[in-house]
Structures are given as C-alpha cells and as structure tokens.
Amino acid sequence: TLKGHGGPVNGCCYSRDGKSLLTCSSDRTIREWQSSPPFKCLSTIVGHTAPVNQVCLATSGRHLFSVAEDRTLRAWLRVALEEEPP
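Residues numbered from 1 in each chain as written. Predicted model: local features only at pLDDT ≥ 70, side-chain atom pairs only at ≥ 80, totals over all residues. Heavy atoms only, no water.

Counting buried residues in strand β2 (residues 20-25) gives six out of six residues, a clear majority hidden from the surface. Going residue by residue along β2, you find S20, L22 and C24 tucked away on one face and L21, T23 and S25 tucked away on the opposite face as well. By the bridge criterion, five bridges tie strand β1 (residues 9-14) to β2 in an arrangement that is antiparallel. Following the sheet pairing, Y14 is matched in β2 by L21. (Buried < 20%, exposed > 50% of the residue type's maximum accessible area, 1.4 Å probe, protein only. Helix = DSSP H or I, 4+ residues; strand = E, 2+ residues; numbered from the N terminus. Pairing = 2+ DSSP bridges.)

Turning next to the sheet that holds strand β4 (residues 41-46). Strand order in the open sheet formed by four strands is β1-β2-β3-β4, and the pairing between neighbours is antiparallel. Here the strands that pair on one side only, and so sit at the sheet edges, are β1 and β4. Shown here is a sheet whose adjacent strand axes are inclined to one another by a mean of 20°, direction ignored. Across five bridges, β2 lies against strand β3 (residues 29-34) in antiparallel orientation. Paired with C24 across the strands is I30, a residue of β3. (Axes fitted to C-alpha atoms, helices over the stretch in contact; angles between N-to-C directions.)

Quick look at the state of the cysteines now. Covalently bonding the sulfur atom of one cysteine to the sulfur atom of another cysteine gives a disulfide. This structure, assessed with the given rule, holds zero disulfides. We note that C13 lacks a disulfide partner, and the nearest cysteine sulfur, in C56, lies 6.4 Å from it. For C56, a relative accessible area of 37% puts it in the partly exposed group. (Disulfide = S-S within 2.5 Å.)

Looking now at the pattern of salt bridges. Summed over the entire model, instances satisfying the criterion amount to two salt bridges. In this structure, the salt-bridge partner of R78 is E32, at a minimum N-O distance of 2.4 Å. A residue pair is termed long-range when its members are at least 10 positions apart, and R78 in the loop between β7 (73-77) and β8 (82-83) and E32 in strand β3 qualify at 46 residues. Summarising the burial analysis for this pair, R78 and E32 share the class buried. Its salt-bridge partner being D70, residue R74 comes within 3.9 Å of it at the nearest N-O pair. Neither residue differs from the other here; R74 and D70 are each classed as buried. (Salt bridge = Lys/Arg side-chain N within 4 Å of Asp/Glu carboxyl O.)

We classify R78 as buried; its relative accessible area is 18%. Polar contacts involving the side chain of R78 include one to the side chain of S20, which spans 2.9 Å. Leaving out residues up to four positions away in the same chain, R78 has contacts with S15, S20, E32, L57, G61, R62, H63 and L64. (Polar contact = N/O pair within 3.5 Å; in protein donor to acceptor, adjacent residues only side chain to side chain. Contact = heavy atoms within 4.5 Å.)

Coordinates in, geometry out; function isn't part of it.
Laid out in structure tokens, this is it:
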C-alpha cells in the first residue's frame, strides 16, 4: 500500500524504465513513487483545482500530462516538476 494521497487514487502509470509510478488523486495532486521497496514518494505535483482523473507520461519520460475535473489538461516538465507555460 502506498500512503500519501488525501483522497481516492483515480489513475496511475509506470515510467517507461519501470523505476517509478505516477498516481493521481481526488486530493488534486499527482505523486511520483519509487516502484520498488520501500515505495517512497519522490515528489508531489500541485496545480489542479479539482480532482485529478488521469495521468500519463510521454514516451520520452520527460513530460507528463494530467486531466482533472477543473476542465484542464496540464503538461508538466518532469525533470523540474513544474507546469510548462502555455
């Protein structure tokens, strides 16, 4: 069990190299986790104003995308974990 989200987990995806797992939640956050024991949370991404329904990684692994109930699709630069400008 991965503990950290403050609400239900709505989606997840593995990184291409299998070393991390991304989850998105009704708590409006995205988290990146180590995919092997001890399964620690590596980072938390905040920016959506409503539950996040899905998260996915670009094949390059450099960008991730999230969709939320705030009617936005956001693109994030994974390295810096900052939202990319429009």
